[in-house]
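Each chain is listed here by its residues.
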Amino acid sequence: MLLKKTSIDNFLDLWKYDKYLHFVDPKNYELLSLDIFDTIIFRTCHHPTDVFLEVGNRAKKRGLLRKGLTPKEFQQIRIVAKDKARRYLKKRYGHDEVTLKNIYDQFPKNISNQNELMKIELEVEQDYCYLNPSIVSIILEFIKYGKPVVLVSDMYLSSQQIIDILAKNKFPIDYIDRIFVSNEHSGGKSSGILFEVLLKYYNDIKSSKILHIGDNKKADVLAAAKYGITTIHYKVVPSSFDSVFEWERIRYGEVILPEILSLRKLAGSLSANYDKSEEFWFKLGAEVLGPFFALFADWVIHISMEEHKNGIYPFMREGKILKELLKRSADYHGTSIDIKELYVSRQATYLPSLEKLDKESIEKLFDRRNLKVKDVFKMFDLLECSQVFADYYNLDVSETRDVLLPSGINLRTELINYLLSEEVQKRINIMLEEKRNLFIQYLQQEVKSLENVITVDLGFQGTIQKSIEKALKLSEKRYSITHLLALGAETNKFNLLEGMDIRGFVGNAGENIEFIKTIMRSPEGLEQLIMKRDGSTLDYKYDYKDNKVVPILDENRLKSSEIRAKEICQQGMFIFQKLWFYFKDNKEKTAQMVFSKKTDICKLVHRLIDLPSYQEAMKIGDLSHDDNFGTTSINKICTSENEKLVSDMGIPSFLNRCLYSYQNGKVYWPQAVVTRKNPSYLFKKYVKLNDTFSYLAIMSQMVSKVIDEGNKKVIVYGAGEAGHALMQAAHLFSLEVECIVDRNKSIWGQKISGVEIVSLDEAIERGLHVYLIASFAFAHEIKKDIEDRYSIETQQPKIYLPF
């Protein structure tokens, strides 16, 4: 397979799109200082400790671990060995900056050969690391101006070991002037020692002319700022509570696709060209849809190359965006296969696929969403001869069974009898043959050969694909078509039984059905996000001027603001795809592993539908959706009528009624409607399911109780891990936090999520007396401290504990 390599040279200006870097002017600085891990280097795992588990796996496979010791046990030993080594150094030498050898010296001698384990750990680090192309691009910019670049890291690895990792990942090491590592100078960034070493070595450069970039606020920003060094908090990797990655973890109880977690985060940060209102759409494309569709496009191209297909034809209206993704993937993989969008739709292929309009066909037609009686007559070109039904033209055909005519006959029955009458049938049959001939002409003119080709569609049940094959059979045309879907429905097992070659990327014919059925239930938002400006294909006509068959397109009724939002989302998708190619070049085995995780790939889209954030529910829910089968109906995905239905029924009853069928309430996206009305409802459900004993679950319950009791503003007591979780829960439920109290004087004045940490005395002076205690071990002790301090106050506090 010929691949077109995606080198660092393809990303020379990437930093100019990075929202954390784009404003930098290298000419204003004399030196660039960089943190290493999570800044210039990303890892293909969620936690650094995941590296130790892989070390255990490899050591076990090579017979290097003591019998009976599991890789997980090794990981835990490696974690506590570092803590033990730090305590030993602190006691003996007055600092705790350990080396890798210091850590492995703490291992029991009967576990394995420490030197071999260290070699494996360095090997795993090299395999798990890859370069951040955005940071590399700004390094190249500083190099262009002749400015030195240094690396500054709090790390147990030596500078030489870091050089080896960088070199293995194709970084030009001669671009780095020096590396300052904490364990080689007996002090780190947080203490200021490494920055003192840096300033001493470059004593001819003013501190204000040094730019330091790093991901740790305390070590890379606050500590460096004390020395007058200009800093940038590079927050690409650190998790934010309202990021999609946290919502995925809450929904599934784990991080999905950890191998490309940092890559997705980087893609989302390349939003410097967009304002705050537009950034949402870009990140949605870069972080969620981009990964899904970039991998889908690669899957299609792999099949086309392995099976020597003659052409790839994605269906409109998603066809244009799919064509662009497919062409980029084909170009990367070095194939010149013909890729062209086909203007087809359920409506445009329906009539050509009908041999005749029988009772079964009519019954199925009458079950279509939002199809009016007038739409049916218009579809069969019967408007001028169906005036007897004119009074019912604006009625949904699905509702006609509930209407009795003066004759006592059901309207649905009367309509069916009319359509099956001999005179109408004769007229319809002539029209069907004409439609089929035009459609076959269109296919033959657009597709180079109907033999050995691929069609591409989002999903689900192969309706259009089946119609195409029926029309070809009725016209006695030879064909051999492979139909590729991103998401295949369970019902495709019947299409497979009939001999259709129809396949699904992340599932088909029942595979991953628990996720796909949720997406199938509410695909409207997903469909709209990957459409271009074109209206739906209604029919075909012969253009005598150009001597060819052309599609008749419906007008696009969407607002320009919606079109703009979707275009920004699609740009985000392209950004991720470009980064994905870079990742494949540099981490080929890891990329193959990601490609094989079809269930996790499916979860990218499933989470968006099943557990949308409030912002997703509001913004995507406000998009318009048109039911494009014989009707001009267009509605918001989430309507005010939907929200009223929630209010009238209550959330549990609403979900029970609407989750499984559109017809039960005519709700496109029930989960989004619920989230718009009550942002915490689905969140709390999945926190309880997947995170029962976590800080976040318990803090969410406490915040919910506080709000239920009428509190709108509170004080949080505790700035530790539980305090961070409490701040996250407060943010989610829109509970305002006045300040955070903590007994640790050294952190007074600092902020968590923009809220200041203060003393208890200062909190009392602010005049708010509602406290939420963010501690488990010391909750009662803190409660007593608050009560003792208030014993001299006239106002008494209201105190909430997390249990």
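All residue numbers here refer to positions counted from 1 along the written sequence of the relevant chain. Selection of residues for local features in this predicted model requires a pLDDT of at least 70, selection of side-chain atom pairs for listing and counting requires 80 or more, and totals for whole chains, interfaces and linings are taken over all residues. By convention in this description, side-chain values take in all heavy atoms of the structure and omit both hydrogens and water.

This paragraph deals with the packing of aromatic side chains. Working definition: a ring pair exists when centres of Phe, Tyr or Trp rings (six-membered ring for Trp) sit within 6.5 Å. Plane angles under 30 degrees give stacked, over 60 give edge-to-face, the rest tilted. Taken as a whole and assessed by the stated rule, the structure comprises 29 aromatic pairs. Taking 5.6 Å as the distance between ring centres and 25 degrees as the angle between the ring planes, the aromatic pair formed by Phe377 and Phe389 counts as stacked. Of this pair, Phe377 sits in helix α15 (residues 373-379) while Phe389 sits in the loop between α15 and α16 (411-419), and the two are 12 residues apart along the sequence. Note on classification: 1.4 Å probe, protein chains only; a residue is buried when its accessible area is under 20% of the maximum for its type, exposed when over 50%, partly exposed between these limits. Look at Phe377 and you get buried, because its relative accessible area is 1%. Of the aromatic side chains, those joined through ring pairs into one cluster are Phe292, Phe293, Phe296, Trp299, Phe505 and Phe595. Of note, Arg178 hangs over the ring of Tyr201, and the distance from its end group to the ring centre comes to 4.3 Å. Helix and strand assignments follow DSSP, with helices taken as H or I runs no shorter than four residues and strands as E runs no shorter than two, numbered in order from the N terminus. A ring is considered to have a charge above it if a Lys NZ or an Arg CZ atom is located within 6 Å of its centre and within 35 degrees of its normal.

This part takes up the state of the cysteines. In plain terms, two cysteine sulfur atoms within 2.5 Å form what is called a disulfide here. For the structure shown, the criterion picks out zero disulfides. For Cys129, which is in no disulfide, the shortest distance to another cysteine sulfur is to Cys45 and amounts to 8.0 Å. Taking the relative accessible area as the measure of exposure, Cys129 reaches 0% and is therefore buried.

That bond from Met316 to Arg317 is cis: its omega, 20 degrees, falls within 30 degrees of zero. Relative to the helices and strands, Arg317 resides in the loop between β8 (311-314) and α12 (319-333). The residue after Gly459, namely Phe460, is reached through a cis peptide bond having omega 20 degrees. The topology assignment puts Phe460 in strand β10 (residues 451-460). Of note in this structure, Ala509 is not a glycine but carries a positive phi near 55 degrees. Counting through the fold element by element, Ala509 comes out in the loop between β12 (501-504) and α20 (513-521). On the accessibility criterion, Ala509 (30% relative accessible area) is partly exposed. The residue Asn512 is not glycine, and still its phi comes out positive at about 55 degrees. Of note, Asn512 is situated in the loop between β12 and α20.

Now for the nonpolar core. The nonpolar side chains of a soluble globular protein tend to be buried, and buried together. Here, nonpolar core refers to any group of buried Ala, Val, Leu, Ile, Met, Phe, Trp, Tyr and Cys residues whose side-chain atoms link them within 4.5 Å. Trp281, Phe293, Leu487, Trp580 and Leu772 are the most contacted members of the largest nonpolar core, which has 191 residues in total. No other element matches the 17 residues that helix α11 (residues 276-306) contributes to this core. Of all hydrophobic cores here, the second largest spans 28 residues; its members include Tyr350, Leu351, Leu382 and Met431.

Attention now goes to the confidence of the model for the protein. Confidence of the predictor in every single residue is expressed as pLDDT, which spans 0 to 100. Averaged over all residues, the pLDDT of the protein is 91; the fraction at 70 or higher stands at 97%. The contact rule is simple, with two residues in contact once any of their heavy atoms fall within 4.5 Å. For the stretch residues 1-6, pLDDT sits under 50, and the model shows 19 contacts to residues farther than four places along the chain or on other chains.

Mapped onto the secondary structure, Val55 falls in helix α1 (residues 50-61). The spatial distance from the C-alpha of Val55 to the C-alpha of Pro71 is 7.6 Å, given a sequence separation of 16 residues. Non-local contacts of Val55, meaning those with residues more than four positions away in its chain, are made with Phe74, Tyr104, Leu117, Ile120, Glu121 and Val124.

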